[in-house]
Each structure stands twice: as structure tokens, then as C-alpha cells.
Amino acid sequence: MTDAATSDDLLDAVANGAGFCLVCANGHGSLPPRTVCPECGSRALEREALPETGTVRAVTTVHVGPPAFADETPYGLAIARFGPVRLTGHVRAAALDGLARGDDVTLGVGTAGDERHLRFE
């Protein structure tokens, strides 16, 4: 089994251009802090580098967000496939215009208040 990676480890890695996911021998992907594959229950998870780009599977615009994002509305949320995992990420309004299913996005880290989150560009 891979080392016990945390969500912060993932965000640090993405910020440094080295994002990763956890993959079992059956090819199921998940994100830290998982220690067991959610699909098959395998405990043998290995780090695998995330592709540089992902493909948007769904996107929506948020007009009334939680307090941490109040100053950023409207903004988008998208789900994108990056190799063996689907990631949900924040999309800034400037990048949201025209973003559609099938478009390619890159992964980054954004902040809202004191919290970091995944962001798509």
C-alpha cells in the first residue's frame, strides 16, 4: 500500500504540477485520504500521476454560493475525468464562459477564505 497521503498532500502536489491519484490493481482510481479502493475494497493502492489535462463531463453555474465563495459568484463547478478519476473543481467566471462537456481543462489549486480547493482552468 502507498503511504497514507492526505487531501493536503494532494493539493500540495497539484500546486507543484505533480498531481496524483490512488489506483488499485484493478485500475479503479480514487483520491486521498482513501486507504481502501471504494470500488473493489483492495488495500493495495499505488500513486499514479494525473494527466496534465482532463475532459469536462458536466458543468454548472453557481449564482448563490456558500459564504466562503460569496465574493466570487457567479462561478462554475465542473466534473472532469483525469485518467482513472473524476474530479470536481471550481471554475472562475472568466473561464466559465463557453465551457462545455467534452472540453479539456487543466488542474490547479484555488483558495476561498482559509480553505484550498481544486480549480479547473
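Thresholds applied
Residues numbered from 1 in each chain as written. Predicted model: local features only at pLDDT ≥ 70, side-chain atom pairs only at ≥ 80, totals over all residues. Heavy atoms only, no water. Helix = DSSP H or I, 4+ residues; strand = E, 2+ residues; numbered from the N terminus. Buried < 20%, exposed > 50% of the residue type's maximum accessible area, 1.4 Å probe, protein only. Polar contact = N/O pair within 3.5 Å; in protein donor to acceptor, adjacent residues only side chain to side chain. Salt bridge = Lys/Arg side-chain N within 4 Å of Asp/Glu carboxyl O. Phe/Tyr/Trp six-rings, centres within 6.5 Å; stacked < 30°, edge-to-face > 60°. Lys NZ or Arg CZ within 6 Å of the ring centre and 35° of its normal. Patch = residues over 30% accessible without salt bridge, like charges linked within 9 Å, V, L, I, M, F, W, Y side chains within 5 Å. Areas by Shrake-Rupley, 256 points an atom, 1.4 Å probe, with all protein chains shown as cover. Lys, Arg positive; Asp, Glu negative; His and termini not counted. Charge placed at Lys NZ, Arg CZ, Asp CG, Glu CD.

Got a minute to help me understand the side chain of His90 in this structure?
Here His90 lies in strand E6 (residues 85–91). The buried category is assigned to His90, whose relative accessible area is 4%. In this structure the side chain of His90 is engaged in a polar contact, spanning 3.2 Å, whose partner is the side chain of Glu72.

In this structure, what is going on with the pattern of salt bridges? I would like to understand it.
Overall, the coordinates contain three salt bridges when judged by the stated rule. Between Arg116 and Asp8 there is a salt bridge, with the nearest N and O atoms lying 3.4 Å from each other. A residue pair is termed long-range when its members are at least 10 positions apart, and Arg116 in strand E8 (residues 115–120) and Asp8 in helix H1 (residues 7–15) qualify at 108 residues. Its relative accessible area of 31% is what places Arg116 among the partly exposed residues. On the basis of relative accessible area, Asp8 is assigned to the partly exposed category, the value being 47%. As a salt-bridge pair, Arg119 and Glu121 come within 2.5 Å of each other at their nearest N and O atoms. Take Glu121: its relative accessible area is 42%, and that puts it in the partly exposed class.

Sorry, what's going on with the packing of aromatic side chains here?
Remark: the centre distance and the inter-plane angle together describe each pair of aromatic rings, the angle taken between the planes. Summed over all chains, the structure comprises two aromatic pairs. Note on Phe82 and Phe120: the rings are 5.8 Å apart at their centroids and 20 degrees apart in plane angle, and the pair reads as stacked. Of this pair, Phe82 sits in strand E5 (residues 75–82) while Phe120 sits in strand E8; the two residues are 38 residues apart in sequence, bridging distant segments of the chain. Both residues of the pair, Phe82 and Phe120, count as buried. The ring of Phe20 is capped by Arg47, whose NZ or CZ atom sits 4.1 Å from the centre of that ring.

Could you clarify how one ought to interpret a positive patch on the surface in this entry?
On the surface, Arg57, Arg81, Arg86 and Arg101 cluster together into a positively charged patch. Secondary-structure assignment places Arg81 in strand E5. Judged by its relative accessible area of 34%, Arg81 is partly exposed.

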